[in-house]
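Here is how the chains run, residue by residue.
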Amino acid sequence: MHRKTKTKKRSFWKNVIKHRTLLLMVLPGFVWFVFFFYIPVLANVVAFKDFHYSADGFIDSLRISPWVGLDNFKYLFSSKDAWLITRNTIAYNTVFLAFNVFFAIVFAVIMSELRSKKAIKVYHTMSLLPYFLSWVVIEYFVYAFLNPDRGMINSLITQHGGKPIMWYSTPTWWPLILLTMSVWKGLGYNSIIYYASIMGISDTYYEAAMVDGASKWQQIKNITIPQLIPMMSILLIINIGNIFRSDFGLFYQIPKNTGALYEVTSVLDTYVYNGLTSTGDIGMASAASLYQSVVGTCILLISNAVVRRMDPDSALF
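Residues numbered from 1 in each chain as written. Predicted model: local features only at pLDDT ≥ 70, side-chain atom pairs only at ≥ 80, totals over all residues. Heavy atoms only, no water.

Within the chain, the secondary structure is distributed over 15 helices and zero strands. Scaling as 2.2 N^0.38, a compact globule of 317 residues should have a C-alpha radius of gyration of about 20 Å, whereas the chain reaches 25 Å, well beyond that. Across its three principal axes, the chain shows a C-alpha extent of roughly 65 × 65 × 35 Å. Looking at the 317 residues of the chain, the share that counts as buried comes to 35%. Here the analysis covers contacts within the chain between residues at least 6 apart in sequence; of these, 65% occur between residues at least 24 apart. For the chain, the accessible area works out to roughly 20300 Å², and carbon and sulfur atoms hold 68% of it. Here the chain contributes 27 positive and 17 negative side-chain charges, whose respective centroids are spaced 14 Å apart. (Helix = DSSP H or I, 4+ residues; strand = E, 2+ residues; numbered from the N terminus. Rg over C-alpha atoms; globule rule 2.2 N^0.38 Å. Buried < 20%, exposed > 50% of the residue type's maximum accessible area, 1.4 Å probe, protein only. Contact = heavy atoms within 4.5 Å. Areas by Shrake-Rupley, 256 points an atom, 1.4 Å probe, with all protein chains shown as cover. Lys, Arg positive; Asp, Glu negative; His and termini not counted. Charge placed at Lys NZ, Arg CZ, Asp CG, Glu CD.)

This model, assessed by the stated rule, comprises four salt bridges. Lys74 is paired through a salt bridge with Asp71; the nearest N and O atoms lie 4.0 Å apart. Of this pair, Lys74 and Asp71 are both found in helix 4 (residues 71-78), three residues apart, which corresponds to roughly one turn of the helix. Relative accessible area serves as the criterion here: at 43%, Asp71 is assigned to the partly exposed category. The salt bridge partner of Glu113 is Lys216, with a shortest N-O separation of 3.2 Å. Of the two residues, Glu113 sits in helix 5 (residues 82-113) while Lys216 sits in helix 11 (residues 216-240), which places them 103 residues apart along the sequence. Exposure remark for Glu113: the relative accessible area of 31% places this residue in the partly exposed category. (Salt bridge = Lys/Arg side-chain N within 4 Å of Asp/Glu carboxyl O.)

So, in structure tokens, the structure goes:
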């Protein structure tokens, strides 16, 4: 037994020396993950404390803050808005996920059918540009369209004899506006992986289909889409794990955080931010964040188990 342990240790260090170049290349990323992802996990204890700042730093603040157990979670769930923000968060993310996947696949298929490489580069660049824009910048563009007095949409409506719409005090349109902005901003980025997967499909499948007289739509339906299912499953599992986390910039910046739109634009992230800025309760904000992480992890594990049971090759792990 002792000899086997020595042999394993020797083999381990031989592999380290053999692959030292690759290990040195991944070392910066590993250190970054440890300092910014794994060590901060220990700070989740703040969710169980009535956290107060101390002049001696975070560690001392953590030490002197009294333990309150689950009181921070009780505050979150006893709020009259707990159901509203949970419903909005899940509903929006579910719809966003479905539409983003659909349009990303459609766009990737269209790009794969183009024969001009220059056109593909132009369209990909144009579709990627919104992804790199801040929501703050996008908010100004949106306001140029939705400004109640001088907005482009209201100008067109009044020119045709209609009444202007008070966009920032009319909740009816905002689910559609938020969905449109989410799809528009993420279209280029979300389609890249699907486009790469389509480009990796062997041409022999399509050649055999054309010999059999299959139309372009039949090739897409029977060859392209089935080949994309494993990638779709993996990305779906990853995104489902984030179903309790919303894009803060989208829900806070685009509607300008107006009270009239609270019922249709308030999600868990904006609720926590507003509560933190108004009360300064770090413990409650940490409890909400921990709640998001735990529920998201559970959903990810469950969805992966379901996919693994249906098709082991399509599972994430």
